[in-house]
Amino acid sequence: NEYACALCHCSAQHNEREKETAIVNEVSMLIAGKDCPASNGATFERINPDTGAVASRAPAATLADADAAVQAAAAAFPAWSALRPSERRARLLKAADIMDARAGAFIECGMAE
């Protein structure tokens, strides 16, 4: 079986220099509508199993980060639940459209990880 590489989507092997220059997808957390790093600044890397290169770097969330996310969700819930079902539907469909428009990027990131 031949698989496309994550660096340039060919089927060739790449040398270590090419692995080092691969683009790394930087990820953040979304808490209360804001992009943020882990509260302690820690991150972790996801490695592309095909190339050995770092595919993405993400915040290593702490318990405090998880608690902040839960609190933000709880704070947002009253406004969300007060929306009419048709408005909730419209917002979810808009989110689906945005994700559909970015499907290629999601696929590339997933394949690299």
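This text goes with the structure placed above it.
The rules behind the values
Residues numbered from 1 in each chain as written. Predicted model: local features only at pLDDT ≥ 70, side-chain atom pairs only at ≥ 80, totals over all residues. Heavy atoms only, no water. Pairing = 2+ DSSP bridges. Helix = DSSP H or I, 4+ residues; strand = E, 2+ residues; numbered from the N terminus. Patch = residues over 30% accessible without salt bridge, like charges linked within 9 Å, V, L, I, M, F, W, Y side chains within 5 Å. Areas by Shrake-Rupley, 256 points an atom, 1.4 Å probe, with all protein chains shown as cover. Salt bridge = Lys/Arg side-chain N within 4 Å of Asp/Glu carboxyl O. Core = buried A, V, L, I, M, F, W, Y, C linked by side-chain atoms within 4.5 Å. Buried < 20%, exposed > 50% of the residue type's maximum accessible area, 1.4 Å probe, protein only. Contact = heavy atoms within 4.5 Å. Expected span 1.5 Å × (residues − 1). Bend = angle between axes of the 7 residues up to and from the residue. Polar contact = N/O pair within 3.5 Å; in protein donor to acceptor, adjacent residues only side chain to side chain.

Chemist: Give me the pairing of strand β4 (residues 43-47): which residues, what numbers.
Modeler: Where β4 lies against strand β5 (residues 54-59), five bridges are found, and the strand directions are antiparallel. Within the sheet, the bridge partner assigned to Phe-44 lies in β5 and is Ala-58. Connecting β4 to the next strand, β5, in antiparallel fashion are six residues, including Gly-52 with a positive phi near 80°.

Chemist: I'd love a proper account of a nonpolar patch on the surface, names of residues and values included.
Modeler: Nonpolar side chains collect at one region of the surface, where Phe-77, Trp-80 and Leu-92 lie side by side and expose about 320 Å² of accessible area between them. With respect to the secondary-structure elements, Trp-80 resides in helix α2 (residues 63-82).

Chemist: Run through the nonpolar core, naming residues and quoting values.
Modeler: Counting residues in each nonpolar core, the largest one holds five residues, listed as Met-29, Ile-31, Cys-36, Ala-38 and Ala-72. Ala-38 has contacts with Met-29, Pro-59, Ala-60, Ala-61 and Asp-65, leaving out every residue within four places of it along the chain.

Chemist: Provide a residue-level description of the environment of Phe-44, including the pertinent values.
Modeler: Tracing the backbone shows Phe-44 in strand β4. Through-space distance from the C-alpha of Phe-44 to that of Ser-56 is 8.4 Å; in sequence the pair is twelve residues apart. Ignoring any residue separated from it by four or fewer positions in sequence, one finds Phe-44 in contact with Ser-56, Arg-57, Ala-58, Pro-59 and Ala-60.

Chemist: Outline the pattern of salt bridges, listing residues and values.
Modeler: A side chain with one charge may pair with a side chain of the opposite charge, provided their charged atoms come close. Scanning all chains against the criterion turns up three salt bridges. We note a salt bridge from Arg-57 to Glu-26, for which the minimum N-O separation is 2.5 Å. Here Glu-26 lies in strand β1 (residues 25-26) and Arg-57 lies in strand β5, a separation of 31 residues in the sequence. Among the residues examined, Arg-57 registers a relative accessible area of 24% and is labelled partly exposed. With its nearest N and O atoms 2.8 Å apart, the salt bridge here joins Arg-91 to Glu-87. Of the two residues, Arg-91 and Glu-87 are both situated in helix α3 (residues 85-101); the distance of four residues between them amounts to about one turn of the helix. The class of Glu-87 is partly exposed, set by a relative accessible area of 32%. One network of salt bridges, with partners in common, ties together Glu-26, Glu-45 and Arg-57.

Chemist: I'd like a rundown of α2, residues and numbers included.
Modeler: Each turn of an α-helix holds 3.6 residues, which means side chains three or four residues apart point in the same direction. The terminal C-alpha atoms of α2, which comprises 20 residues, lie 29 Å apart, in line with the 28 Å expected from a rise of 1.5 Å per residue. The largest bend in α2 is about 35°, located at Ala-76, with the proline Pro-78 one to four residues further on. Between a side-chain oxygen at the N-terminus of α2 and the backbone nitrogen of Ala-64 the separation is 3.3 Å; the capping residue is Thr-62.

Chemist: Can you explain unusual backbone geometry? Please cite residues and give values.
Modeler: A negative phi angle is the norm for most residues apart from glycine, just as the trans form is the norm for most peptide bonds. A positive phi angle, near 55°, is found at Ala-32, a position not held by glycine. Within the fold, Ala-32 resides in the loop between β2 (29-31) and β3 (34-36). Overall, Ala-32 belongs to the exposed group, its relative accessible area being 57%.

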